[in-house]
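# Observations on the three-dimensional arrangement
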Amino acid sequence: MRVGVIYESTRGRTKAMAEAICKGATDAGAECVVIDAKDFNGITDICALAIGSSTRMKRVLPKVKQILAELQDLNGLPAAAYGSYGWSGEAPDEISDKLQELNAEIIVNPPIKAKDYPGEAVLEECRSLGAKLAERCP
Ligand SMILES: Cc1cc2nc3c(=O)[nH]c(=O)nc-3n(C[C@H](O)[C@H](O)[C@H](O)COP(=O)(O)O)c2cc1C
């Protein structure tokens, strides 16, 4: 079982957040996998989950939208949302709301947002989220 960090990113900003989350998880002793949303094929071996997307036209990007539509009940799975944005940043909230609807246990609320490229403070928040997700993985 491992921490799964799914992302969809157009210019690498949300991806940088994903990598920081996984770094935090592995530094805390868990296994972690960063998954590009286009390669996602299920959460069978995932003990805690982070899903991120940047915001486009006030919405999540399409691959993450599709994953959220296809996920089944998460039955208390520890989970969190994150993402980079330019000015309004709705996508992480949309992801978090959907995770809640799917009965995930939301680990960070409000979700982590980075305006443009994530700076050191946000990357530290991401690493800290990774450590929290790792704690939930036996
Ligand atoms: C076509 C387009 C639409 C966008 N729409 C929004 C938006 O509605 N709200 C917002 O906050 N940012 C918006 N952005 C900005 C991106 O979310 C921002 O550049 C973000 O840092 C990209 O992160 P990424 O590299 O992870 O994709 C838009 C960018 C583009 C290119």
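Here the structure is shown first, and the text comes after it.
This brings us to the nonpolar core. By size, the foremost hydrophobic cluster in this structure holds 44 residues, and its most contacted members are Val3, Val5, Ile21, Ala50, Ala79, Cys126 and Leu133. Beyond its immediate stretch of four places on either side in the chain, Ala79 contacts Ala48, Leu49, Ala50, Leu74, Leu99, Ala104, Glu105, Ile106 and Ile107.

In the vicinity of the ligand, 18 residues are found, and the nearest of them are Ser9, Arg11, Thr14, Ser54 and Gly86. For the shell around the ligand, the elements supplying multiple residues, two or more each, are α1 (13-27), β4 (55-56) and β6 (78-85). When grouped by side-chain class, the residues that make up the shell around the ligand number three nonpolar, ten polar and five charged.

What follows covers helix α2 (residues 62-70). Those residues of α2 lying buried are Val64, Ile67 and Leu68. For α2, the arc enclosing every buried residue in end-on projection is 100°, short of the 170-degree limit, so these residues lie on one face. α2 presents Ala69 and Glu70 as exposed residues on the side facing more than 90 degrees away from its buried surface. Residues of α2 that are buried sit in contact with β1 (2-8), β3 (46-53), β5 (59-60) and α3 (91-101).

Turning our eyes to something else, we now look at the packing of α1 against helix α4 (residues 120-135). How two helices sit against one another is set out by the angle between their axes and by the gap between those axes. Put simply, α1 and α4 touch, their axes get as near as 6 Å, and they point 45° apart. In this view, α1 runs oblique relative to α4, as classed from their interaxial angle. With respect to the hand of their crossing, α1 and α4 are arranged in right-handed fashion. From α1, Met17, Ala20, Ile21, Cys22, Lys23, Gly24, Ala25 and Asp27 reach across to α4, where they touch Leu123, Cys126, Arg127, Ser128, Leu129, Gly130, Ala131, Leu133 and Ala134. Looking at the contact of α1 with α4, its residues break down into eleven nonpolar, three polar and three charged.

With that settled, consider the pairing of β1. Burial analysis of β1 places six of its seven residues in the buried class, the great majority of the element. Two elements, β1 and β3, share seven bridges in a ladder whose sense is parallel. Bridging from a neighbouring strand, Ile6 pairs with Ile51 of β3. Both β1 and strand β2 (residues 32-36) contribute to a ladder of five bridges, which runs parallel. Pairing of Ile6 across the sheet is with Ile35, part of β2.

Let's shift gears to the environment of Arg2. With respect to the helices and strands, the residue Arg2 is situated in strand β1. Along the primary structure Arg2 and Glu31 are separated by 29 residues, whereas in three dimensions their C-alpha atoms are 4.8 Å apart.

With 16 residues, α4 should cover 22 Å at 1.5 Å per step; its first-to-last C-alpha distance of 23 Å lies within 8% of that length. Next to the buried residues of α4 lie β1, α1, β2, β3, β6 and β8 (112-115).

Parameters and conventions
- Residues numbered from 1 in each chain as written.
- Predicted model: local features only at pLDDT ≥ 70, side-chain atom pairs only at ≥ 80, totals over all residues.
- Core = buried A, V, L, I, M, F, W, Y, C linked by C-beta atoms within 7 Å.
- Buried ≥ 20, exposed ≤ 12 C-beta atoms within 10 Å, placed from the backbone.
- Contact = placed C-beta atoms within 7 Å.
- Near = placed C-beta within 6 Å.
- Helix = DSSP H or I, 4+ residues; strand = E, 2+ residues; numbered from the N terminus.
- Nonpolar A, V, L, I, M, F, W, Y, C, P; charged D, E, K, R; others polar.
- Arc of directions from axis to C-beta.
- Axes fitted to C-alpha atoms, helices over the stretch in contact; angles between N-to-C directions.
- Parallel < 35°, antiparallel > 145°, perpendicular 65-115°, else oblique.
- Left-handed = near helix turned anticlockwise from the far one by under 90°.
- Pairing = 2+ DSSP bridges.
- Expected span 1.5 Å × (residues − 1).

Limitation: the analysis is restricted to geometry and does not speak to function.
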